[in-house]
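Here are the chains, one letter per residue:
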Amino acid sequence: MIERVAAREFLQSLKGAQRAVLAQLMAGRTWREAGDALGCSSANVAYHMRRIRRRYAEWEAPPV
């Protein structure tokens, strides 16, 4: 239960394009397939994934 709430909170903190990329990848698509579905390149998907990972590291870090 707590994990679902945390996951939902993190997803809501992402920008729309980031959520769309993550949804495609979580559905089992490759970066290329995700890019095709979203009308962008796999390089764009890689860019968004870097941003998502960075955001997750910030979100997960304990407050200072």
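Residues numbered from 1 in each chain as written. Predicted model: local features only at pLDDT ≥ 70, side-chain atom pairs only at ≥ 80, totals over all residues. Heavy atoms only, no water.

### Observations regarding the overall build of the chain
(1) Moving on: Scanning the chain from N- to C-terminus turns up 4 helices and 0 strands.
(2) Moving on: For the chain, the succession of helices and strands along the chain, N to C, is α-α-α-α.
(3) Moving on: The principal-axis extent of the C-alpha atoms belonging to the chain is close to 40 × 25 × 15 Å.
(4) Moving on: For the chain, buried positions account for 22% of its 64 residues.
(5) Moving on: In the chain, 46% of the contacts between residues at least 6 apart in sequence involve partners at least 24 apart.
(6) Moving on: Summed over all atoms, the accessible surface of the chain reaches about 4900 Å², with 55% contributed by carbon and sulfur.
(7) Moving on: In the chain, 11 side chains carry a positive charge and 6 a negative one; their mean positions are 5 Å apart. (Helix = DSSP H or I, 4+ residues; strand = E, 2+ residues; numbered from the N terminus. Buried < 20%, exposed > 50% of the residue type's maximum accessible area, 1.4 Å probe, protein only. Contact = heavy atoms within 4.5 Å. Areas by Shrake-Rupley, 256 points an atom, 1.4 Å probe, with all protein chains shown as cover. Lys, Arg positive; Asp, Glu negative; His and termini not counted. Charge placed at Lys NZ, Arg CZ, Asp CG, Glu CD.)

### Re the packing of helix H1 (residues 2-13) against helix H4 (residues 42-60)
(1) Moving on: The geometry of H1 relative to H4 is characterised by a closest axis approach of 11 Å and an angle of 125° between their N-to-C directions. Judged by the inter-axis angle, H1 sits oblique to H4. Helix-helix and strand crossings are classified by hand; for H1 and H4 the assignment is right-handed. Counted together, Ala6, Glu9, Phe10 and Ser13 of H1 and Ile52, Arg55, Tyr56 and Trp59 of H4 form the full contact between these two elements.
(2) Moving on: Residues belonging to the contact of H1 with H4 are distributed by class as follows: 5 nonpolar, 1 polar and 2 charged. (Axes fitted to C-alpha atoms, helices over the stretch in contact; angles between N-to-C directions. Parallel < 35°, antiparallel > 145°, perpendicular 65-115°, else oblique. Left-handed = near helix turned anticlockwise from the far one by under 90°. Nonpolar A, V, L, I, M, F, W, Y, C, P; charged D, E, K, R; others polar.)

### Things to note about the nonpolar core
(1) Moving on: Phe10, Leu14, Val21, Leu22, Leu25, Ala34, Val45, Met49 and Ile52 form the largest nonpolar core, which has 9 residues in total.
(2) Moving on: Among the elements of the structure, helix H2 (16-26) and H4 are those that each provide at least two residues to this core.
(3) Moving on: Leave out the neighbours within four places in its chain, and Leu14 touches Arg19, Leu22, Ile52 and Arg55. (Core = buried A, V, L, I, M, F, W, Y, C linked by side-chain atoms within 4.5 Å.)

### Overview of the pattern of salt bridges
(1) Moving on: The tally for this structure, following the rule as stated, stands at 1 salt bridge.
(2) Moving on: Across the salt bridge formed by Glu58 and Arg55, the nearest N and O atoms sit 3.9 Å from each other. Of this pair, Glu58 and Arg55 both sit in helix H4, 3 residues apart, roughly one helical turn. (Salt bridge = Lys/Arg side-chain N within 4 Å of Asp/Glu carboxyl O.)

### Quick word on a positive patch on the surface
(1) Moving on: A surface patch of positive charge is lined by Lys15, Arg50, Arg51 and Arg54.
(2) Moving on: As for its placement among the helices and strands, Arg54 is situated in helix H4.
(3) Moving on: Given a relative accessible area of 44%, Arg54 falls into the partly exposed group. (Patch = residues over 30% accessible without salt bridge, like charges linked within 9 Å, V, L, I, M, F, W, Y side chains within 5 Å.)

### A closer look at the environment of His48
(1) Moving on: Relative to the helices and strands, His48 resides in helix H4.
(2) Moving on: Separated by 42 residues in sequence, His48 and Ala6 place their C-alpha atoms 20 Å apart.
(3) Moving on: What His48 contacts, discounting residues up to four positions off in sequence, is Ala17, Gln18 and Val21.

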